[in-house]
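# Architecture at a glance
Each chain is listed here by its residues.
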Amino acid sequence: MKKLLAMMLTASLTFSLVACGGSSANDAADTAQSAAEEVADTAEEVVEEATDAVEEAAEEGTDAVEEAAEEGTDAVEEAADAATEASGDYSIAMITDSGDITDMSFNQTTYEASKAFAEAQGVDYQYYKPTEDSNEARVAAFDNAVADGYNVIIVPGYLFAEMIATVAEENPDVTIIALDCSAGDFEGAGMDELPSNVCSFTYQEELAGYMAGYAVVKEGYTKLGFLGGMAVPAVIRYGYGFVQGANDAAKDLGNTSDVEVNYVYGGQFFGDESVTAVMDTWYQGGTEIVFACGGGIFTSAGEAAKKTGGKVVGVDVDQSGTIDGLYGDGVCVTSAMKGLAATVNSTLTDLFAGKWDSYAGKIENLGLVSGDDASLNYVQLPTDTWSMKNFTVDDYNTLVASMYAGDITVSSDIDAMPATDITVNEFDNIH
């Protein structure tokens, strides 16, 4: 470009000389003509160079864009291939405890959550039900699952601690995810620490029980009952939490002398005529609402409640649809829930993403993780089916915020019934 400008300047000066006349006009004209031709040639050369430069830059830009696009496509394909490869490495099985996948409680929730995850990932899934309630039968079910090719096995409940102690180290390539097996359960089975292919989760049931007990007393119920399945740690924590919540609500309302709790364990995780007979006596004697806690034992409370217009509190999951469907609309007032499905989904998600190291050999105790959004917590009451009027969702959120902040504390001690200002009537086990 600088060259072109110089030539143009030369031409301009030449034309100026021509304009001045003189005897050399013809020579000047020739010179000017030559200069003009040279300017034209130079201009054409510069234009060609500029055009070539632009085309070269465009080609380089296109190549860069294409290269980046190819790299991005390759990265996406590699990630997809890795995910597919990881999914292909796993197949999922679930083994039931003494109940089955239609118990509308612990087993069913675990079964449905693990099955849904497997289907979403496109991996094989199966559940196994032990032939009887024994460690030998549970070990046999585990062995059957492994023989069938399943290498991720999910087990719900403390009953599996002994099975895990028997099979875990002999099957290091099988990942075992246990729900509700505590350190005490494993120690009782002779296992001081978990191997790296096992993780377990426990829940702060006392917090969920507290929420339920507090809520129903605030709602206006004063004659309460607690029907536990078996007196195992998780059930005891639910029950003692329920009593603590009822006691604190009664103190807030100033009616501790009016609130009374009947308290019993059925000795099993299912209802029968004997359990129903006790519940009949309670409801007919003035009990208004019973927290039925332990697998299918809620059926005895529901059957008795239906006869007198009584109410029931569900457990583990939102049981309103199940209980109301069986015994009438509005029978289930609320449920003390723990995040079984959320635990299964998050753990399997991390396993498939290659993040098992954060779980390996660990027992995690899950409870409150948010004071602002109660739905994020691993222990909670169901707000989607809320039916209480005097104790509102806003009241519940305020309660959760106070518990999360530590303003309200709930004891997890299961050695003895908590001291209370309300009356608690403890009964011998039904079975």
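Residues numbered from 1 in each chain as written. Predicted model: local features only at pLDDT ≥ 70, side-chain atom pairs only at ≥ 80, totals over all residues. Heavy atoms only, no water.

## Overview of the confidence of the model for the chain
In this model, the chain carries an average pLDDT of 86, and 80% of its residues clear a pLDDT of 70 or more. pLDDT under 50 marks residues 2-29. Its contacts with residues more than four places away, or in other chains, come to 19 contacts. Low confidence marks residues 79-86, where pLDDT is under 50. Its contacts with residues over four positions away, or in another chain, come to one contact. (pLDDT = per-residue confidence, 0-100. Contact = heavy atoms within 4.5 Å.)

## Topic: the environment of Lys338
With respect to the element layout, Lys338 can be found in strand E10 (residues 332-338). Accessibility expressed as a relative area gives 6% for Lys338, which makes it buried. On a C-alpha basis, the gap between Lys338 and Val379 in space is 4.4 Å, while along the polypeptide they are 41 residues apart. With sequence-adjacent residues up to four places away left out, Lys338 is seen in contact with Phe106, Asp180, Tyr203, Glu205, Ala234, Tyr238, Asp316, Tyr378 and Val379. (Helix = DSSP H or I, 4+ residues; strand = E, 2+ residues; numbered from the N terminus. Buried < 20%, exposed > 50% of the residue type's maximum accessible area, 1.4 Å probe, protein only.)

## Remarks on the sheet that holds strand E4 (residues 175-179)
Strand-to-strand pairing in sheets goes through backbone hydrogen bonds, with the strands running parallel or antiparallel. Strand order in the open sheet formed by six strands is E2-E1-E3-E4-E5-E11, with parallel pairing between adjacent strands. Sheet topology places strand E2 (125-128) and strand E11 (363-366) at the edges, where each strand pairs with a single neighbour. Between one strand axis and the next, the sheet turns through 20° on average, direction left out of account. Strand direction decides the pairing type here: strand E3 (residues 152-156) and E4, joined by five bridges, are parallel. Of the residues in E4, the one forming a bridge with Ile153 is Ile176. Packing against the sheet, helix H3 (residues 106-121) makes contact with strand E1 (92-95), E2, E3 and E4, and its axis sits at approximately 175° to E1. (Pairing = 2+ DSSP bridges. Axes fitted to C-alpha atoms, helices over the stretch in contact; angles between N-to-C directions.)

## Quick look at the pairing of E10
Burial runs high along E10: seven of the seven residues are buried. As paired strands, strand E9 (residues 311-316) and E10 are joined by five bridges and run parallel to one another. Its bridge partner being in E10, Asp316 is matched across the sheet by Met337. At this point the chain moves from E9, through helix H11 (residues 320-327), to the parallel E10, and the crossover so formed is right-handed. Summarising the sheet, E10 and strand E12 (residues 379-380) pair through two bridges and their orientation is antiparallel. What sits directly across from Lys338, in E12, is Val379. (Right-handed = clockwise from strand over helix to strand, strands pointing away.)

## A short note on H3
The terminal C-alpha atoms of H3 lie 23 Å apart, and with 16 residues this matches the ideal 22 Å at 1.5 Å per residue to within 8%. Where H3 is concerned, the buried positions are Phe106, Asn107, Gln108, Thr109, Thr110, Tyr111, Ala113, Ser114, Phe117 and Ala118. The positive-phi residue at the C-terminal boundary of H3 is Gly122, with phi of around 70°. (Expected span 1.5 Å × (residues − 1).)

## Topic: the sheet that holds E12
The strand order across the open sheet built from seven strands is E12-E10-E9-E8-E6-E7-E13, with neighbouring strands paired in mixed fashion. Looking at strand neighbours, the two that pair on one side only are E12 and strand E13 (423-426), the edges of this open sheet. Bridging between strand E6 (residues 223-228) and strand E8 (residues 289-293) involves five bridges; their strand directions are parallel. When the sheet's bridge partners are listed, Leu224 is paired in E8 with Ile289.

## What about helix H4 (residues 135-147)?
For H4, spanning 13 residues, the distance from its first C-alpha to its last is 18 Å, which sits close to the expected 18 Å at 1.5 Å a residue. Along H4, the residues classified as buried are Asn135, Ala137, Arg138, Val139, Ala141, Phe142 and Ala145. Buried residues along H4 sit against E1, E2, E3, helix H5 (161-167) and E4. Phi for Gly149, located one or two positions after H4, is positive at around 100°.

## Points about a negative patch on the surface
Residues Asp143, Glu169, Glu170, Glu187, Asp192 and Glu193 make up a contiguous surface patch of negative charge. Take Glu170: it is sitting in the loop between H5 and E4. (Patch = residues over 30% accessible without salt bridge, like charges linked within 9 Å, V, L, I, M, F, W, Y side chains within 5 Å. Areas by Shrake-Rupley, 256 points an atom, 1.4 Å probe, with all protein chains shown as cover. Salt bridge = Lys/Arg side-chain N within 4 Å of Asp/Glu carboxyl O. Lys, Arg positive; Asp, Glu negative; His and termini not counted. Charge placed at Lys NZ, Arg CZ, Asp CG, Glu CD.)

## Concerning the nonpolar core
Val216, Leu224 and Phe291 are the most contacted members of the largest nonpolar core, which totals 49 residues. Contributions of two or more residues to this core are made by helix H7 (205-219), E6, helix H8 (233-253), strand E7 (260-265), E8, E9, E10 and helix H13 (393-405). The residues touching Phe291, leaving out its near neighbours within four places in the chain, are Gly209, Gly225, Phe226, Leu227, Tyr238, Phe242, Val313, Gly314, Val315 and Ala336. With 26 residues, the next largest nonpolar core counts Ile92, Ile101, Phe106 and Phe352 among its residues. (Core = buried A, V, L, I, M, F, W, Y, C linked by side-chain atoms within 4.5 Å.)

## Here's the deal with the pattern of salt bridges
Applying the stated criterion across every chain, the model contains eleven salt bridges. We note a salt bridge from Asp180 to Lys338, for which the minimum N-O separation is 2.7 Å. Remark: Lys338 occurs in strand E10 and Asp180 occurs in the loop between E4 and helix H6 (183-188); sequence separation between them is 158 residues. This pair shows no difference in class: Asp180 is buried, exactly as Lys338 is. Its salt-bridge partner being Asp280, residue Lys307 comes within 3.1 Å of it at the nearest N-O pair. You can see Lys307 sitting in helix H10 (residues 298-308) and its partner Asp280 sitting in helix H9 (residues 273-284), a full 27 residues away along the chain. The network of salt bridges with common partners includes Asp180, Glu205, Glu206, Arg237, Asp316 and Lys338.

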